[in-house]
Amino acid sequence: MSLLSDIPALNALMPRWPDYFVIDFEPAMIPCIKPRDTDQSFFDHIPGFENVLASYKEIGHAYFMCHKGKPFCMFGVVPLWNGVGECWLITDVSMSEHTRQFHYQARILLDTFMSELQLVRLQITVHSLNDRGYKWAKSVKFNDEGLMKNFGPDGNDFYMMARN
């Protein structure tokens, strides 16, 4: 069994804060998250975006990160082809209450994605108006590869970022 499919083993990698843990992504739990500003734009501009998120679980790995049982973000990785994956993240309006714990656990999970999936490239796109997301991505070793004009479903620009 892959470490990415073993939720207890994933949580064992992150013992620092026992009230924080990951659970399997379940589409029925999407309404438990109230997306922050730029994350909400996906729900506003992509009809059936909940179905898109559900499909990410089918073709990749998807999780909720929780504090005391309440999800505060959903995230995952979708393999694109051998050695390359794309990470996604939707954050709740309460994310600022969990910044330190999320950052610590996300670093571990990103490294685990890279090693378990044998990735040579893990990429993300970050909304150009999401300054917090951009700074966070840089802090967890993503490099800015350029600005993609008019890329987003809302017509805004997005940064392509990757870690190798």
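Located above this text is the structure these notes cover.
Treat the numbers as computed from the prediction; the structure is a model and nothing was measured.

Rules behind the numbers
- Residues numbered from 1 in each chain as written.
- Predicted model: local features only at pLDDT ≥ 70, side-chain atom pairs only at ≥ 80, totals over all residues.
- Heavy atoms only, no water.
- Buried < 20%, exposed > 50% of the residue type's maximum accessible area, 1.4 Å probe, protein only.
- Helix = DSSP H or I, 4+ residues; strand = E, 2+ residues; numbered from the N terminus.
- Contact = heavy atoms within 4.5 Å.
- Pairing = 2+ DSSP bridges.
- Axes fitted to C-alpha atoms, helices over the stretch in contact; angles between N-to-C directions.
- Phe/Tyr/Trp six-rings, centres within 6.5 Å; stacked < 30°, edge-to-face > 60°.
- Lys NZ or Arg CZ within 6 Å of the ring centre and 35° of its normal.

## Remarks on helix H2 (residues 37-45)
Move 1: Those residues of H2 that sit buried are Thr38, Asp39, Ser41, Phe42 and Phe43.
Move 2: Tucked inside the fold, the buried residues of H2 contact helix H3 (49-59), strand E3 (70-81), strand E4 (84-91), strand E5 (121-127) and strand E7 (158-163).

## Observations regarding the sheet that holds E3
Move 1: Ordered in space as E1-E2-E3-E4-E5-E7-E6, the seven strands form an open sheet in which the pairing is mixed. Each edge of the open sheet carries a strand with a single partner, namely strand E1 (20-24) and strand E6 (143-148). Neighbour-to-neighbour, the strand axes of the sheet open up by a mean angle of 25 degrees, direction not taken into account.
Move 2: Here strand E2 (residues 61-67) runs beside E3; their pairing, made up of seven bridges, is antiparallel. Counted as the bridge partner of Met65 is Cys73 from E3.

## Re the packing of aromatic side chains
Move 1: Inspection of the entire model under this criterion finds 13 aromatic pairs.
Move 2: For the ring pair Phe43 and Phe49, a centre distance of 5.0 Å and an interplane angle of 90 degrees mean the geometry is edge-to-face.
Move 3: Clustering of aromatic rings is evident, with ring pairs tying together Phe42, Phe43, Phe49, Phe151 and Phe158.
Move 4: Against the face of Tyr104 rests Arg16, its NZ or CZ located 4.5 Å from the ring centre.

Any functional reading would require information beyond the geometric quantities listed.
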